[in-house]
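# Observations on the model geometry
Now for the letters of each chain:
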Amino acid sequence: LSQRAAQRIAFLRDPSIPLSVRSLRTAMAKDFGELALVLGDAHVPGRAPKIPAKLKRMLVPNKMQHVLCTGNMGSRELYDELRALAPTQHFVCGDDDDDADFPEETITQIGDVKVGVVHGHDVQPWGDAKALEARRRRLDVDVLISGHTHRAEVREEGEYLYLNPGSVTGAYAPATKDVVPSFILLAVQGPKVVVYLYELHGDSVDVSKSEFTALSK
């Protein structure tokens with residue numbers, strides 16, 4: 001093993017470093033392809049004072065290539081902070097983004113994967129699988145990202161992937177009880193997508209990992 005590889009293995013096995021931090025830094029390694037941060041529904045300051053420190057410390061500038069935001073961040077300052085994280089941003093307008101000049105939906109290409117982003121307040125019923133499928137078909141994307149429910153979701157349905165990053169602050173939502181602060185990180189190489197879901201439970205950041213491969217078109 002090279003010295004760099006040996007150091008990386010030691011880092012990944014070091015029990016003193018939280019698994020959430022180890023997985024995040026692993027995803028940020030250069031050989032993990034393009035990285036995209038997915039988040040939204042902060043509602044600062046209306047429903048939450050700020051992004052929890054244990055999540056915010058993971059939002060490292062200049063490590064990701066894309067920021068995909070489902071809207072309703074709540075303040076211009078937060079949107080400015082997101083712009084500083086990555087060179088490419090894709091924001092959509094939420095139902096509380098009264099002053100934001102963002103589109104209602106957007107489509108982008110990351111690697112070989114076509115990604116659509118919507119807020120989701122106009123998907124009826126909110127978060128409904130069939131309604132989201134209809135929106136994905138209309139946008140003709142491999143991955144559909146939506147928010148609004150404040151409930152994180154990673155769901156593969158047939159040949160397609162549906163993501164909801166939840167609320168990055170854990171802000172209150174009428175339709176969701178006990179909202180858990182969360183965000184998603186995508187590592188994309190060609191048609192392959194590795195999804196890391198980060199959730200803050202008490203003082204612990206839990207991370208779950210799943211993989212998806214988009215079909216060639």
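Here the structure is a predicted model, which is why all the values come from computation and not from measurement. (Residues numbered from 1 in each chain as written. Predicted model: local features only at pLDDT ≥ 70, side-chain atom pairs only at ≥ 80, totals over all residues. Heavy atoms only, no water.)

Moving on, we get to the overall build of the chain. Looking only at helices and strands, the chain has five helices and 11 strands in total. Sequence separation of at least 24 residues holds for 55% of the intrachain contacts in the chain that already meet a minimum separation of 6. As displayed, the chain offers around 10,900 Å² of accessible surface, 49% of which is attributable to carbon and sulfur atoms. (Helix = DSSP H or I, 4+ residues; strand = E, 2+ residues; numbered from the N terminus. Contact = heavy atoms within 4.5 Å. Areas by Shrake-Rupley, 256 points an atom, 1.4 Å probe, with all protein chains shown as cover.)

Take helix α4 (residues 76–83) next. Restricting attention to buried positions, one finds in α4 the residues Leu78, Tyr79 and Leu82. For α4, the angular spread of the buried residues around the axis is 100°, confining them to a single face. Structural note: α4 exposes Arg76 and Glu77 on the side pointing more than 90 degrees away from its buried face. Those residues of α4 that are buried lie in contact with β1 (34–39), β2 (66–69) and β3 (88–91). (Buried < 20%, exposed > 50% of the residue type's maximum accessible area, 1.4 Å probe, protein only. Arc of directions from axis to C-beta.)

In terms of nonpolar packing, the biggest core is built from 30 residues, with Leu37, Leu39, Val67, Met73, Leu82 and Phe183 touching the most fellow members. Looking at this core, the elements with two or more residues in it are β1, β2, α4, β9 (182–189) and β10 (192–201). Per-element accounting of this core gives the leading share, four residues, to β10. Beyond its immediate sequence surroundings of up to four residues, Leu39 is in contact with Leu59, Val67, Leu68, Cys69, Thr70, Met73, Leu82, Pro165, Val168 and Phe183. By size, the runner-up hydrophobic cluster in this structure holds 20 residues, among which are Val38, Ile110, Val115 and Leu163. (Core = buried A, V, L, I, M, F, W, Y, C linked by side-chain atoms within 4.5 Å.)

This part covers the pattern of salt bridges. This model, assessed by the stated rule, comprises 11 salt bridges. Via salt bridges that share partners, Glu105, Asp122, Arg135 and Arg138 belong to a single interconnected network. (Salt bridge = Lys/Arg side-chain N within 4 Å of Asp/Glu carboxyl O.)

Those residues of helix α5 (residues 129–139) not exposed but buried are Ala131, Leu132, Arg135, Arg136 and Leu139. Viewed end-on, α5 has its buried residues packed into an arc of 140°, placing them on one side of the element. Facing away from the buried side of α5 by over 90 degrees, the exposed positions are Lys130 and Arg138. Looking at the buried side of α5, the elements it contacts are β4 (105–110), β5 (113–118), β6 (143–145), β7 (153–157) and β8 (160–164). Phi turns positive one or two residues past the end of α5, at Asp140, with a value near 55°.

Moving on, we come to the confidence of the model for the chain. Looking at the chain as a whole, the pLDDT averages 87, with 85% of positions reaching at least 70. When the criterion is pLDDT under 50, residues 1–17 qualifies, and its contacts beyond four places in sequence or with other chains add up to 14 contacts. (pLDDT = per-residue confidence, 0-100.)

Turning our eyes to something else, we now look at the sheet that holds β7. Spatial strand order, β4-β5-β6-β8-β7: five strands in an open sheet with mixed pairing. Bordering the open sheet on either side are β4 and β7, each of which pairs with just one other strand. For this sheet, the mean angle separating the axes of adjacent strands, direction not counted, is 20°. As paired strands, β5 and β6 are joined by three bridges and run parallel to one another. Its bridge partner being in β6, Gly116 is matched across the sheet by Leu144. (Pairing = 2+ DSSP bridges. Axes fitted to C-alpha atoms, helices over the stretch in contact; angles between N-to-C directions.)

Working note: regular strand, side chains alternate between the two faces of the sheet. What you see with β4 is a clean split: Thr106, Thr108 and Ile110 sit on the buried side and Glu105, Ile107 and Gln109 on the side with no burial. Two elements, β4 and β5, share six bridges in a ladder whose sense is antiparallel. From the neighbouring strand, Thr106 faces β5, where its bridge partner is Val117. With antiparallel pairing between neighbouring strands as the criterion, β4 and β5 make up a hairpin whose turn holds two residues, including Gly111 at a positive phi of roughly 60°.

Turning next to the environment of Glu77. Its place among the elements puts Glu77 in helix α4. Separated by 33 residues in the primary sequence, Glu77 and Val44 place their C-alpha atoms 9.6 Å from one another.

All right, on to the pairing of β7 then. In this sheet, β8 lies alongside β7 in antiparallel orientation, the contact comprising five bridges. Following the sheet pairing, Glu157 is matched in β8 by Tyr160. Counting the residues between successive antiparallel strands, the hairpin from β7 to β8 contains two residues, one of them, Gly158, with a positive phi of roughly 65°.

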